[in-house]
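# Reading the structure
If you want the building blocks of each chain, they are given just below.
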Amino acid sequence: MSSFEIDPRLKAESVTIRPLQTFDKRVKLLGSKSYSNRYLALAALSGEATTLEGALVCDDTQYLAGALRQFGHVEVEIDPAAERITVTPTGRSMRAPAEEVYVGAAGTPIRLLIAMAGHAEGTTVLTGTKRMQERPMGSLLDALPALGVTAEAVRGNGSPPVKVTGPSFRGGSTRISGAVSSQFTSSLLINATRAEQDTEVHVVDDLVSKPYVEMTIAALAEMGVVVEREGYTRFTVAAGQKLRGGTVTVEPDASGMSYFLAAAAVLGGTVTIPGIGKGSKQGDVGLVAALARMGCTAEIADDSITLTGGELRGIDIDMEAMPDVVPTLAVVAAFARGTTHISNIASLRIKECDRIAAVTAELRKMGITVEEHPDAMTITGGTPHGAVIDTYDDHRIAMCFAIAGLRTEGVVITDPGCVAKSFPTFWRVLDSLHDGTTSTL
């Protein structure tokens, strides 16, 4: 089956995970979702033809590509088999689409697009799934008027649908809260590249998920734009800098990597991930160090990461900087000796689902003791048993509990198609752990 054919499990009601004794594999991953979204948005703002090599083609990036096409100023071509996205200017100016821009459950894309709509002539309305219409955008909406952009929640509740009127993103100085999501800051920095004036963003409180802003700054630098900064409190994008086009290579996805690191951890196996290493700005690479603290052996080279499982023990860990891999670590903790306390994770309450509540509920189904707190969870390791896992239309819940099924008989994952949001080939790569070949996509 080639990489661009649809895996039938993406449309199935459930999948039953096949247990595995152990494995020693080299796993080639798809490109980073976070970087693919950022480069795609920057390419659309650059005014030059741009090709993203190694790009992640998934629900999120396809929704973003579709939205960019609606503005009329670029054509976006996607080649899933080649892992390539090409963005070509049409020569037309950005205009607000006549129809609503629908982004499904794609959180990063809608936050990038809200500010981007400030460059388009007319009024743009952006919306998404029922869950998306509950997710907070108020901090971003509050920050945009100081930069010239009129943006408001249609229902007055700080959540989509959002209405933006442009073209008016002139730049200037604004203040924003970093307490809810780092994506608001990233959206302003990326869209400041087309502002008439210097753009200065002041973060008024502690910025959560700081590595994601580091990724934004790295993506901007890769495409020719320098961000001046004072730590995580002030960021300045000088006007007149030119985003370059050409070819940009996307590194592998550290969040996707987490599931195969976890597989090695719970099975005592070995996995090597090529193409990502010491220089990565992705915060989720921090899971490697966390698993090493739990008893695994890790080697981070310049262009690869290798992890071998060991006797697992519980740890106390602050995961504010890598919230997307909290569910993964929680599943590993279920097999560890002692307790694991994961703290500073309140942001998980407003993801695709309430991930603290979801992970707690599903681990308890498997017989694991979990204490749930507003911004933390404590897991007492044991011997999980099989269960039917509800996935809450959340890709990360499906994938992390699939890893539990590699060691535990009788784990059934409902709605397996939800993995298409970030990792559409996940089930095939998981299958390949059972054979003697390199896991490739």
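Residues numbered from 1 in each chain as written. Predicted model: local features only at pLDDT ≥ 70, side-chain atom pairs only at ≥ 80, totals over all residues. Heavy atoms only, no water.

### Digging into the pairing of strand 7 (residues 122-127)
By the bridge criterion, two bridges tie strand 6 (residues 101-102) to strand 7 in an arrangement that is parallel. Looking across to strand 7, one finds that V101 is bridged to L126. Handedness of the crossover is the feature at issue here: the chain leaves strand 6, passes through helix 3 (residues 107-116), returns alongside strand 7, and the resulting connection is right-handed. (Pairing = 2+ DSSP bridges. Helix = DSSP H or I, 4+ residues; strand = E, 2+ residues; numbered from the N terminus. Right-handed = clockwise from strand over helix to strand, strands pointing away.)

### Comments concerning the sheet that holds strand 3 (residues 50-53)
Here four strands make up an open sheet; going across it, the order is 4-5-3-14 and the pairing mixed. Whereas interior strands pair on both sides, the edge strands pair on one side only; in this sheet they are strand 4 (74-79) and strand 14 (246-249). Each neighbouring strand pair of the sheet contributes to a mean axis angle of 15°, computed without reference to strand direction. Sheet topology note: the strand 4/strand 5 (residues 84-89) ladder contains six bridges and is antiparallel. Residue E75 lies in a different strand from strand 5, and its bridge partner there is T88. (Axes fitted to C-alpha atoms, helices over the stretch in contact; angles between N-to-C directions.)

### Some details on the sheet that holds strand 15 (residues 270-274)
Within the open sheet, the four strands sit side by side as 2-15-17-16. Their pairing is mixed. Both edges of this open sheet fall to strand 2 (24-26) and strand 16 (297-300), since each of them pairs with a single strand only. Mean inter-strand twist for the sheet, computed between neighbouring axes without regard to direction, equals 5°. Taken together, the three bridges between strand 2 and strand 15 define a ladder with parallel strand orientation. Pairing of K25 across the sheet is with V271, part of strand 15.

### Details of the packing of helix 9 (residues 326-333) against helix 11 (residues 395-407)
Axis angle and axis distance: for two packed helices, these are the angle between their axes and the distance between the axes, and together they describe the pair. At a minimum axis distance of 8 Å, the contact between helix 9 and helix 11 shows a crossing angle of 20°. Considering their axes alone, helix 9 and helix 11 lie roughly parallel with respect to each other. The two elements helix 9 and helix 11 meet at a crossing, and its hand is right-handed. Only C400, F401 and A404 of helix 11 make contact with helix 9, whose side of the interface consists of P327, T328 and V331. In the contact of helix 9 with helix 11, the residues fall into five nonpolar, one polar and no charged. (Parallel < 35°, antiparallel > 145°, perpendicular 65-115°, else oblique. Left-handed = near helix turned anticlockwise from the far one by under 90°. Contact = heavy atoms within 4.5 Å. Nonpolar A, V, L, I, M, F, W, Y, C, P; charged D, E, K, R; others polar.)

### Section: the environment of S14
Position of S14 relative to the elements: it lies in strand 1 (residues 14-16). In sequence terms S14 and D415 are 401 residues apart; their C-alpha atoms lie 5.5 Å from each other. The contacts of S14, once residues within four sequence positions are left out, are V412, I413, T414, D415 and P416.

### Looking at the packing of aromatic side chains
Taken as a whole and judged by the stated rule, the model has seven aromatic pairs. Considering the side-chain rings of Y63 and Y102, the 6.0 Å spacing of their centres and the 70° angle between planes classify their relative orientation as edge-to-face. Of the two residues, Y63 is situated in helix 2 (residues 59-70) and Y102 in strand 6; the sequence distance between them amounts to 39 residues. The class for Y63 is partly exposed, based on a relative accessible area of 30%. The class for Y102 is partly exposed, based on a relative accessible area of 41%. For the pair Y259 and F426, a centre-to-centre distance of 5.9 Å together with 80° between the ring planes defines the contact as edge-to-face. A residue pair is termed long-range when its members are at least 10 positions apart, and Y259 in helix 7 (residues 254-267) and F426 in helix 12 (residues 426-432) qualify at 167 residues. Both residues of the pair, Y259 and F426, belong to the buried class. (Phe/Tyr/Trp six-rings, centres within 6.5 Å; stacked < 30°, edge-to-face > 60°. Buried < 20%, exposed > 50% of the residue type's maximum accessible area, 1.4 Å probe, protein only.)

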